[in-house]
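Summary of structural features
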Amino acid sequence: MHISAELRELFAGANRVLVLTGAGVSAESGVPTFRGGGNTAVWKGMPFDVISSAEMVERDLPAVWEWFDYRRHFLEELKPNPAHYAIARWQDRFAEFTLVTQNIDGLHQKAGSREVIELHGNIWRARCTACGTAYNMAQEKRPDACFECGDLLRPDVVLFGEMLPRGAFEFAAVRASASELCFVVGTSALVYPAAGLPEIAKAAGAYVVEVNPERTPLSSQCDEVLTGKAGEVLPLFER
Ligand code: BJW
Ligand code: ZN
């Protein structure tokens with residue numbers, strides 16, 4: 001793995017930098033990824049794209065909660081890794097720094113990132129299926145029903161076939177098209193519209209860098225591919 005002189009120079013002088021992260025940035029913290037690495041996430045025989053779908057919320061909400069309760073419990077013990085910390089340091093290094101994540105684990109915030117655009121929601125929140133009231137479950141136990149209207153709660157995450165939070169993608173797209181340097185870290189770049197952000201950045205003239213131990217559909221469009229683990233590659237930029 002080699003960082004080009006051009007990239008080092010850009011990193012030293014850039015004003016507007018955007019980082020898009022996926023499950024791979026949390027892999028070294030012990031969070032299983034969705035795809036790649038051989039075995040995909042399965043819950044009680046259901047592949048994750050079945051259990052994490054809008055249909056399943058309609059059909060079997062208790063099963064969805066069981067899967068998300070299990071994952072929250074698992075995440076409680078996990079800590080940010082050097083990749084999360086490097087990205088958190090970068091926020092004070094550039095005039096305009098944008099962090100966009102597909103992750104719902106909250107580890108960027110735990111590492112100190114202040115503004116995180118969460119495209120797929122957050123596993124530590126629940127929201128009412130009727131009135132949309134949100135509940136924080138990081139400190140408190142999950143309520144059984146909505147205190148406002150009494151209706152059922154669901155995880156405040158974006159499942160397959162669901163819309164992203166209003167404005168989140170649009171804001172990220174504006175930042176992507178203004179960026180000079182765009183890092184794509186630990187994502188298989190298969191899930192849209194998130195995977196469209198590096199394409200937007202590239203089309204607007206940004207230098208796009210992928211950080212991933214494996215190749216993705218995006219690799220061939222990137223200006224530079226840094227083949228390696230996020231926690232090992234990202235800290236190298238500060239040397
Ligand atoms: C490392 C590493 C290390 C390992 N260091 N790297 C266009 C065409 C076809 C379909 C669509 C389309 N546009 C939209 C769609 C539908 C769909 C979609 O994209 N499907 C594709 C699969 C084809 N998109 C949606 O449904 C989205 N909604 C939407 O578009 O709304 C409008 C609409 C509505 C109705 C109909 C149509 C459109 C919503 C997507 C929501 C995604 N939700 C999930 C689940 C969240 C909840 C949960 O956790 O259960 O989000 S799916 C899952 O994938 C999760 C992730 O955020 C997301 C992305 O995965 P990610 O982060 O890339 O992880 P992996 O596991 O895939 O990859 C890990 C990578 O890390 C690998 O590359 C490794 O090599 C690497 N890695 N270790 C660095 N140490
Ligand atoms: Zn409600």
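It should be noted that the structure appears before, not after, this text.
1. Quick notes on unusual backbone geometry
The phi torsion of most residues other than glycine is negative, and most of the peptide bonds are trans. Here the residue pair Y192 and P193 is connected by a cis peptide bond, since its omega of 10 degrees sits within 30 degrees of zero. Along the polypeptide, P193 turns up in the loop between strand 9 (181-185) and helix 9 (196-203). One non-glycine residue, A189, lies in positive phi territory at about 55 degrees. Checked against the element boundaries, A189 lands in the loop between strand 9 and helix 9. With relative accessibility at 8%, the residue A189 sits in the buried group.

2. Concerning the sheet that holds strand 8 (residues 153-157)
The antiparallel open sheet is built from three strands, whose spatial order is 7-6-8. Pairing within the sheet leaves two strands with one partner each, and these edge strands are strand 7 (134-136) and strand 8. Each adjacent strand pair in this sheet contributes to an overall mean axis angle of 40 degrees, direction not counted. Strand direction decides the pairing type here: strand 6 (residues 121-128) and strand 7, joined by three bridges, are antiparallel. Each bridged residue has a counterpart across the sheet, and for R125 the counterpart in strand 7 is N136.

3. Some points on the environment of L190
By the element assignment, L190 lies in the loop between strand 9 and helix 9. L190 sits 183 residues away from L7 along the chain, and the two C-alpha atoms are 25 Å apart. Apart from the residues lying within four places of it in its own chain, the contact partners of L190 are R35, A195 and P217.

4. A few points about the pattern of salt bridges
Enumeration over the complete set of coordinates arrives at 11 salt bridges. As a salt-bridge pair, D92 and R114 come within 2.6 Å of each other at their nearest N and O atoms. Of this pair, D92 sits in the loop between helix 6 (82-90) and strand 4 (96-101) while R114 sits in the loop between helix 7 (107-110) and strand 5 (116-118), placing them 22 residues apart in sequence. Judged on exposure class, the residue D92 and its partner R114 are both exposed. A salt bridge links R125 to D156; the nearest nitrogen and oxygen atoms lie 2.9 Å apart. Separated by 31 residues along the polypeptide, R125 in strand 6 and D156 in strand 8 bring together distant segments of the chain. For R125, a relative accessible area of 28% translates into the label partly exposed. On the accessibility criterion, D156 (13% relative accessible area) is buried. One salt-bridge network, held together by shared partners, links E118, R125, R127 and D156.

5. Here we look at the coordination of the zinc ion (ligand 2)
Coordination of the zinc ion (ligand 2) by the protein involves C128 (SG), C131 (SG), C146 (SG) and C149 (SG), with metal-donor separations of 2.3 Å. Geometry at the zinc ion (ligand 2) is tetrahedral, judged from its four donor atoms and the angles of 98 to 119 degrees they form at the metal. One chain supplies every donor for the zinc ion (ligand 2), spaced along it as C-x2-C-x14-C-x2-C. Judged by relative accessible area, which is 5%, C146 ranks as buried.

6. Quick look at the environment of G106
If you trace the backbone, G106 turns up in the loop between strand 4 and helix 7. Its relative accessible area of 13% is what places G106 among the buried residues. Through-space distance from the C-alpha of G106 to that of S26 is 9.9 Å; in sequence the pair is 80 residues apart.

7. A few points about the site of ligand 1
Ligand 1 sits among 34 residues. The nearest are R35, S52, R71, T187 and S188. Here Q102 contributes a backbone N or O atom positioned 3.0 Å from an oxygen atom of ligand 1. With respect to ligand 1, the backbone of G161 contributes an N or O atom lying 2.8 Å from an oxygen atom. Computed on the free molecule, ligand 1 has an accessible area of 1500 Å², of which 76% lies beneath the protein chains in the complex. At the level of elements, helix 2 (24-27) and helix 5 (61-75) are the ones that each hand at least two residues to the shell around ligand 1. Class assignment of the residues belonging to the shell around ligand 1 gives a composition of 17 nonpolar, 11 polar and six charged.

About the criteria used
Residues numbered from 1 in each chain as written. Chains lettered and ligands numbered in written order. Predicted model: local features only at pLDDT ≥ 70, side-chain atom pairs only at ≥ 80, totals over all residues. Heavy atoms only, no water. Helix = DSSP H or I, 4+ residues; strand = E, 2+ residues; numbered from the N terminus. Buried < 20%, exposed > 50% of the residue type's maximum accessible area, 1.4 Å probe, protein only. Pairing = 2+ DSSP bridges. Axes fitted to C-alpha atoms, helices over the stretch in contact; angles between N-to-C directions. Contact = heavy atoms within 4.5 Å. Salt bridge = Lys/Arg side-chain N within 4 Å of Asp/Glu carboxyl O. Donors = N, O, S within 2.8 Å, 3.2 Å for Na, K, Ca; no water. Tetrahedral: all angles 85-135°; square planar, octahedral: opposite > 155°, others 65-115°. Near = heavy atom within 4 Å. Polar contact = N/O pair within 3.5 Å; in protein donor to acceptor, adjacent residues only side chain to side chain. Areas by Shrake-Rupley, 256 points an atom, 1.4 Å probe, with all protein chains shown as cover. Nonpolar A, V, L, I, M, F, W, Y, C, P; charged D, E, K, R; others polar.

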